[in-house]
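Tertiary structure, described
As a plain string of letters, each chain reads:
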Amino acid sequence: MESNIASLEARRLELWYGRFQALRDISMVIPRNRITAIIGPSGCGKSSLLRCFNRMNDLIPGAIVKGEVLFNGRNIYAAGVDPTEVRYRIGMVFQKPNPFPKSIFENVAFGLKVNGITDNLEEAVEQALHRAALWDEVKDRLLKSAMELSGGQQQRLCIARALALKPEVILMDEPCSALDPVATLKVEDLMRNLAEEYAIIIVTHNMQQAARVSDMAAFMMMQEDRAGALVEYGPTSQLFTNPKDKRTEDYITGRFG
Amino acid sequence: MLSGQLNPQEFPVGESFSSLRRIRQWSRLREAVINRLLFACALVSIFTTIGIVVMLVAQTVGFFSKVSPLEFFTGTKWTPLFQPQHFGVLPLVGGTLLTAGIAILIALPIGLASAVYLSEYARDKVRRVVKPSLEILAGIPTVVYGYFALTFVTPVLRNVFPNMIVFNALSAGLVMGVMIIPMVSSLSEDAMVAVPRSLRDAAYGLGATRLEVATRVVMPAAVSGIVAACILALSRAVGETMIVAIAAGSTPKLTLNPLESIQTMTAYIVQISLGETPHGTVEYYTIFAVGLLLFIMTLLMNLFSQWFVRRYREKY
């Protein structure tokens, strides 16, 4: 598959919460059909950066984004762009599984319904559950509450919910941090399969996970004024075996963080 | 008890241990006294409730020895003060439900809309001002609402409905609706705010708009609290006395026409309690039967709302 085509591109991206600068001068190209991991110590702005990619930060009062995020060549922060459309085409999976207190079916159908896609709802739901490798476990209880599923199943349901909208990019914010090792491996397997069709960006504090699943890795750090900045970005193998920046090496070898 | 499990060897000097034990004994005694004192306070309200129920039931039994329950519950005429006497309670129940119904028709949409606005749309600053202001509505004495209904709302409404009676169910119901708006909005908003941020994030992440997040995620997740708020408001409206006594009239009538004069159960009880009806007569006993029925109605509503909250409470 063609991997050189940019899916998302951040250009001189800055994020401010009121007068506090949370992200400084971030420029990076996210390739298609690859998994890009964002790693770094707590508080370095990994999640904030991720939320810039689908305009989730818009929902935080006082948050201001400067710079550009190009999605298929178009700046998602340009005037006239509807943030709900951005979020519909760039899916997101959160740190803690957050299924709606509704049935399994309604969870997956939710995004389709609010976006007015109601033709062949059942088929679309089934397809999304298949892709999230959850169908066999839930096919007999689609109308049961999603809250009855295990944590790992709930997280895969949240992935299915995002997949149902056929997004082009999937953002994952520490998707395995609330899961046990077995469930984590299942989600990681799933990510590898999904990368054949989507661009995936994953925020993780687990370096083994980043090394295991990602193709590209970005290392972020907090600067003196607590603004997060990109220290190094490149192919995962290179970043982990031959880091260019001393700080990256220190972090990866466990000297801090 | 904790002090019983303490190992004396853990205390280095015998003397300080014995003084420590004295302090412990003293504080244990104090705890026991406080415990009983608080229990006694809790008993006061329980005994009051039991006393009221016993009194209502005893007097009602006396009433039903003179009037058949069949007439009371199915009769459509309520004229205990006139000859021929009729003891059908339905006109009073109808008047109560009519005014309470109008009130909830007003309070439900406005209260829910305010709750959605406050929890999903309003900025923090706006919310900090608007929420307490709304709650002030609940602090206005009901007698003020009563003459507001009679001297302001009724004249205004009579411009629209010229054949409306001066004392009518509509004005009283409308004003009562305004009175219970803060109950609906404040309690519903509390329930909506308690819906975790992560559920909203999930919905926004799927491309939902603010309104869709409010109506399809937050409100369903908060439904137990919202229904409880509405039932509490409804039972408040059913039990409300001053507004209906002043503005709704004192003509027991089984009607659905809000422009007519009616009488509610509460207003009837006020009328008899303040009037010169001699004690011990059937007329006098009526207020206990009506009072007990009112008590049962609000009790059932509260029980239903408690059941509903338990049944539909969401575990996030």
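Note that this is a predicted model, so its numbers are computed, not measured. (Residues numbered from 1 in each chain as written. Chains lettered and ligands numbered in written order. Predicted model: local features only at pLDDT ≥ 70, side-chain atom pairs only at ≥ 80, totals over all residues. Heavy atoms only, no water.)

Our focus in this paragraph is the overall build of chain A. Scanning chain A for helices and strands turns up 10 helices and 10 strands. By the compact-globule yardstick of 18 Å for 257 residues, chain A fits well, its C-alpha radius of gyration being 18 Å. Every one of the 257 residues in chain A was classed for burial, and the buried ones make up 55%. Considering only contacts within chain A whose residues lie at least 6 apart along the sequence, 69% involve residues at least 24 apart. Accessible surface for chain A amounts to roughly 11200 Å². Of this, 48% is attributable to carbon and sulfur atoms. One finds the centroid of the 31 positive side-chain charges in chain A at a distance of 4 Å from the centroid of its 32 negative side-chain charges. (Helix = DSSP H or I, 4+ residues; strand = E, 2+ residues; numbered from the N terminus. Rg over C-alpha atoms; globule rule 2.2 N^0.38 Å. Buried < 20%, exposed > 50% of the residue type's maximum accessible area, 1.4 Å probe, protein only. Contact = heavy atoms within 4.5 Å. Areas by Shrake-Rupley, 256 points an atom, 1.4 Å probe, with all protein chains shown as cover. Lys, Arg positive; Asp, Glu negative; His and termini not counted. Charge placed at Lys NZ, Arg CZ, Asp CG, Glu CD.)

The subject of this paragraph is the interface of chain A and chain B. For an interface, size is often stated in terms of accessible area lost upon the parts coming together. Counting from both sides, the interface comprises 23 residues of chain A and, opposite them, 21 residues of chain B. Roughly 1700 Å² is buried in total at the junction of chain A and chain B, and carbon and sulfur atoms are behind 65% of that figure. Together, Leu 59, Pro 101 and Val 114 of chain A form the three largest contributors to the area buried by chain A at its contact with chain B, with a combined 29%. For the pair chain A and chain B, the interface holds 1 salt bridge. (Buried area = accessible area lost by both parts, 1.4 Å probe. Salt bridge = Lys/Arg side-chain N within 4 Å of Asp/Glu carboxyl O.)

This part takes up the pattern of salt bridges. Residues and elements named next belong to chain B. This structure, assessed with the given rule, holds 24 salt bridges over all chains. With its nearest N and O atoms 3.6 Å apart, the salt bridge here joins Asp 124 to Arg 128. Taken as a pair, Asp 124 and Arg 128 lie in helix H5 (residues 124-139) at a separation of 4 residues, close to a single helical turn. For the pair Asp 124 and Arg 128, one class covers both residues: exposed. Asp 190 serves as the salt-bridge partner of Lys 131, at 2.9 Å between the closest nitrogen and oxygen.

Residue and element names in this part refer to chain B. Positionally, Ala 214 belongs in helix H9 (residues 210-221). Ala 214 gets classed as buried once you look at its relative accessible area, which sits at 1%. Separated by 14 residues in the primary sequence, Ala 214 and Arg 200 place their C-alpha atoms 8.4 Å from one another. Those residues in contact with Ala 214, other than ones at most four positions away along the chain, are Val 116, Glu 120, Met 219 and Pro 220.

A few words on unusual backbone geometry. The omega angle of the peptide bond from Gln 83 of chain B to Pro 84 of chain B is -5°, so this bond is cis rather than trans. Position of Pro 84 of chain B relative to the elements: it lies in the loop between helix H3 (69-74) and helix H4 (90-121). Look at Asp 25 of chain A: it is not a glycine, yet its phi comes out positive at around 45°. Residue position: Asp 25 of chain A is located in strand E2 (residues 20-31).

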